[in-house]
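Residue-level structural notes
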Amino acid sequence: MFSCIPHRKAHNLCSPSWRSILSHIVSTSHRLLFHLDPFSIQLFYFAFISFVGFWLLKAIKPRTAMPRNLDLFFMSVSSGTVSSMSTVEMEVFSNGQLIVMTVLMLIGREVFLSMVGLYLSTSYSPGSSRIQGKVNSLSKVIPVEDLSQVEMGIAGKASESEHQHKAGLQDQDLKYRSTKALVLLILSYIVIIHLLGVILLLVYMSVVTGAREVLEKKGLKIITYAMFTIVSSFSSCGFTPNNENMAIFSKNSSLLLIILPQLLLGNTLYPSCLRFLIWLSGKFMRKNEFEYLLKSNVSKIGYDHLLPNMQSRLLPLTALGFIAVQMILFCTMEWNSGLMSGMNGIQKFVGSLFQCVNTRHTGESVVNIAAIAPAILVLFIVMMYLPPYTTFLPSKQDEDCVNQVNGGNHMTIRKRIMENVVFSQLGYLIIYLIAICITERKSLLEDPLNFNVLNMAMEVVSAYGNVGFSTGYSCELRLHPQGSCIDKDYGFTGKWSNQGKIILIIVMFHGRLKKFNLHGGKAWKIT
């Protein structure tokens with residue numbers, strides 16, 4: 001890892017004792033990391049980056065007045081968990097603060113975290129050179145020049161156990177090299193998608209002067225806007241540096257079409273694209289590693305996003321089916337409404353498509369969510385609740401995929417106990433909604449048009465699904481106007497009490513870690 005320079009000052013650092021200490025620290029940290037519960041590791045990780053993000057946001061001067069500490073921490077958690085729930089306007093943040101939020105969104109995304117976890121698993125595994133050395137040493141049992149004479153009985157016959165041991169080491173070496181190749185593919189995928197998105201967005205802003213002038217009037221740097229928006233879209237966060245989100249560009253259909261692929265490639269279509277990339281790389285490079293990745297099951301590789309072949313094929317069809325259902329209802333009810341007034345046919349279609357794609361699970365919006373028909377809002381809530389890799393599978397294929405994921409391993413007693421006491425995802429959502437209704441009970445009585453159960457359910461499910469849709473708050477809907485009220489371009493949560501905001505912070509953390517409880521609540525039987 002470190003090169004030793006023949007210098008007197010560097011002699012002590014390169015001495016065998018220091019090397020052994022450093023090696024012991026690294027190996028101990030690896031063992032500790034891989035023996036801890038994955039849920040605890042990720043919970044600590046998200047809490048850590050949220051607190052670090054809060055401190056950085058607090059240290060950097062904003063463009064206007066500094067938000068309250070709770071609101072800053074809320075925005076840091078929202079960025080790190082890629083939830084895009086907001087309690088302050090985005091234009092409050094300075095360029096430096098926007099960069100901090102960009103980094104939080106990048107390192108908080110599941111694609112990035114899964115890549116890092118996969119890389120750490122390869123660094124903890126025995127090195128390929130070490131494995132290959134063992135394979136080579138075992139090959140000396142049967143000299144190459146004598147292999148042709150084995151059947152003739154001239155050379156000594158190798159034992160069956162030695163051959164099996166050698167085959168096992170070769171398979172372990174192939175798995176190690178395949179995992180390393182997968183890490184490089186994922187890294188290339190992330191870098192290329194981000195670079196293409198930023199370049200296309202910069203080219204668009206340089207060509208379309210109207211869009212560029214909108215950002216310049218707001219005092220936003222074009223390069224910061226491009227990087228922030230692409231990272232946010234690919235990470236399924238949904239934040240934009242401006243207050244109005246994408247509504248300010250609702251008539252810029254080309255801009256929406258540039259961002260649209262980012263929403264899918266970093267979220268619902270990622271496993272299918274990854275499998276296609278592995279297949280394509282295998283066609284050009286002709287390496288055994290790619291064939292191994294395509295034929296191995298999820299448990300053998302240890303990467304949950306590398307779905308089985310059939311599920312990877314059906315995933316895009318399921319995602320497109322969900323989008324089609326939303327498009328039909330949205331266009332039927334809102335095509336001629338005031339929601340999309342002033343748009344031509346192409347702008348309405350692209351805007352509707354952009355809005356429907358964002359329900360799973362990005363949260364960028366080109367229309368006012370509060371003005372959408374209640375029937376569509378209910379459908380959006382269902383879409384936000386569904387996990388990103390929800391797939392329609394025939395029952396036999398579903399059983400096969402479950403067997404591949406579980407690898408046929410029996411659950412431990414501890415896992416069985418936990419499965420019996422945890423609630424289902426829907427159960428937790430109901431608990432969170434009841435708790436927020438209790439903390440906001442005064443507003444429910446005094447301001448029922450804004451603080452209604454549907455709006456609050458929308459906010460809770462949006463935070464749990466890490467989507468970011470929000471109905472906002474309208475001063476005109478108050479039944480008892482008291483004091484001054486100014487409409488702000490932040491989420492409905494911004495008007496909640498401190499207790500309600502803290503509960504929603506917990507909801508965002510829980511939502512980001514909900515993959516550990518996808519099958520919860522099985523012990524509850526309704527008969």
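**Here we look at the overall build of the protein**
- Tallying secondary structure elements over the protein gives 22 helices and zero strands in all.
- Expressed as a percentage of contacts within the protein between residues at least 6 apart in sequence, the contacts between residues at least 24 apart total 77%.
- As displayed, the protein offers around 27,400 Å² of accessible surface, 64% of which is attributable to carbon and sulfur atoms.

**Describing the nonpolar core**
- The biggest cluster of nonpolar side chains holds 92 residues, and the ones touching the most others in it are Met-205, Met-246, Phe-330, Ile-372 and Leu-504.
- Of all the elements, helix H10 (residues 253-265) adds the most residues to this core, at seven residues.
- The residues contacting Met-246, other than those within four sequence positions of it, are Tyr-225, Thr-240, Leu-255, Leu-256, Ile-259, Phe-354, Glu-364, Ser-365 and Val-366.
- Judged by nonpolar contacts, the second largest core, of 22 residues, contains Leu-174, Val-183, Tyr-303 and Leu-306.

**Considering unusual backbone geometry**
- Of note in this structure, Val-82 is not a glycine but carries a positive phi near 45°.
- Here Val-82 is to be found in the loop between helix H3 (69-80) and helix H4 (95-108).

**Remarks on the environment of Tyr-270**
- Along the chain, the position of Tyr-270 falls in helix H11 (residues 270-285).
- In this structure the C-alpha to C-alpha distance between Tyr-270 and Ser-312, which are 42 residues apart in sequence, comes to 9.4 Å.
- Tyr-270 has contacts with Val-111, Ile-186, Tyr-189, Leu-264, Leu-265, Tyr-303, His-305 and Tyr-389, leaving out every residue within four places of it along the chain.

**Some details on the side chain of Thr-493**
- Of note, Thr-493 is situated in the loop between helix H21 (453-464) and helix H22 (498-512).
- A relative accessible area of 0% means that Thr-493 is categorised as buried.
- A polar contact is formed between the side chain of Thr-493 and the side chain of Glu-459, at a distance of 2.6 Å.
- When near neighbours in sequence (up to four residues on either side) are disregarded, Thr-493 contacts Phe-74, Met-85, Ser-86, Thr-87, Glu-459, Lys-501 and Leu-504.

**Some points on the packing of aromatic side chains**
- Under the criterion given, the structure shown has 14 aromatic pairs.
- For the pair Phe-451 and Tyr-473, a centre-to-centre distance of 6.3 Å together with 65° between the ring planes defines the contact as edge-to-face. Here Phe-451 is found in the loop between helix H20 (441-446) and H21, whereas its partner Tyr-473 is found in the loop between H21 and H22, with 22 residues between them in sequence. We note that Phe-451, like Tyr-473, is buried.
- Feature note: the residues Phe-51, Phe-54, Trp-55 and Phe-73 constitute an aromatic cluster, connected by ring pairs.

**Notes on the environment of Glu-110**
- Checked against the element boundaries, Glu-110 lands in helix H5 (residues 110-124).
- Residue class for Glu-110 comes out buried when judged on its relative accessible area of 13%.
- Expressed as a C-alpha distance, the spacing of Glu-110 and Val-82, which sit 28 residues apart in the sequence, is 9.3 Å.
- In this structure Glu-110 touches His-305, Arg-512 and Lys-515, once residues within four positions along its chain are discounted.
- Side chain to side chain, Glu-110 and Arg-512 meet in a polar contact 3.2 Å long.

**Topic: helix H16 (residues 374-385)**
- Between its terminal C-alpha atoms H16 stretches 17 Å, which fits the 16 Å expected from 12 residues at 1.5 Å a residue.
- Every buried residue belonging to H16 is among Ile-376, Leu-377, Leu-379, Phe-380, Ile-381, Met-383 and Met-384, and all of these are buried.
- Looking at the buried residues of H16, the elements they touch are helix H14 (309-334), helix H15 (345-357) and H21.

**Observations regarding H3**
- Counted at 1.5 Å a residue, the expected span for H3 with its 12 residues is 16 Å, and the 16 Å between its end C-alpha atoms agrees.
- Across the 12 residues that make up H3, a large majority, 10, are buried.
- Regarding H3, the residues found buried are Asp-71, Leu-72, Phe-73, Phe-74, Met-75, Ser-76, Val-77, Ser-78, Ser-79 and Gly-80.
- Remark: Val-82 follows H3 within two positions and exhibits a positive phi of approximately 45°.

**A look at the packing of H11 against helix H12 (residues 288-295)**
- Relative to each other, H11 and H12 sit at 150°, their axes nearing to 8 Å. One element, H11, and the other, H12, form an angle in the roughly antiparallel class. Note that H11 runs across H12; the crossing there is left-handed. For the pair H11 and H12, the contacting residues are Arg-275, Ile-278, Trp-279, Ser-281, Gly-282 and Met-285 in the first and Phe-290, Leu-293 and Leu-294 in the second.
- A breakdown of the residues in the contact of H11 with H12 according to their chemical character gives six nonpolar, two polar and one charged.

**Describing a nonpolar patch on the surface**
- A surface patch of nonpolar side chains, about 530 Å² in accessible area, is lined by Leu-187, Val-191, Leu-195, Ile-199, Val-203 and Val-207.
- Since its relative accessible area comes to 60%, Val-207 is described here as exposed.

**Brief notes about the pattern of salt bridges**
- Overall, the coordinates contain eight salt bridges when judged by the stated rule.
- The partner of Arg-68 in a salt bridge is Asp-71, and the shortest N-O contact between them spans 3.4 Å.
- Residue Arg-68 is classed as partly exposed on the basis of its relative accessible area, which comes to 44%.
- Look at Asp-71 and you get buried, because its relative accessible area is 7%.
- Between Lys-501 and Asp-71 there is a salt bridge, with its nearest N and O atoms 3.0 Å apart. Remark: Asp-71 occurs in helix H3 and Lys-501 occurs in helix H22; sequence separation between them is 430 residues.
- Of the residues examined, Lys-501 reaches a relative accessible area of 3% and is grouped as buried.
- Overlapping salt bridges, with partners in common, bring together Arg-68, Asp-71 and Lys-501 in one network.

Rules used in this analysis
Residues numbered from 1 in each chain as written. Predicted model: local features only at pLDDT ≥ 70, side-chain atom pairs only at ≥ 80, totals over all residues. Heavy atoms only, no water. Helix = DSSP H or I, 4+ residues; strand = E, 2+ residues; numbered from the N terminus. Contact = heavy atoms within 4.5 Å. Areas by Shrake-Rupley, 256 points an atom, 1.4 Å probe, with all protein chains shown as cover. Core = buried A, V, L, I, M, F, W, Y, C linked by side-chain atoms within 4.5 Å. Buried < 20%, exposed > 50% of the residue type's maximum accessible area, 1.4 Å probe, protein only. Polar contact = N/O pair within 3.5 Å; in protein donor to acceptor, adjacent residues only side chain to side chain. Phe/Tyr/Trp six-rings, centres within 6.5 Å; stacked < 30°, edge-to-face > 60°. Expected span 1.5 Å × (residues − 1). Axes fitted to C-alpha atoms, helices over the stretch in contact; angles between N-to-C directions. Parallel < 35°, antiparallel > 145°, perpendicular 65-115°, else oblique. Left-handed = near helix turned anticlockwise from the far one by under 90°. Nonpolar A, V, L, I, M, F, W, Y, C, P; charged D, E, K, R; others polar. Patch = residues over 30% accessible without salt bridge, like charges linked within 9 Å, V, L, I, M, F, W, Y side chains within 5 Å. Salt bridge = Lys/Arg side-chain N within 4 Å of Asp/Glu carboxyl O.

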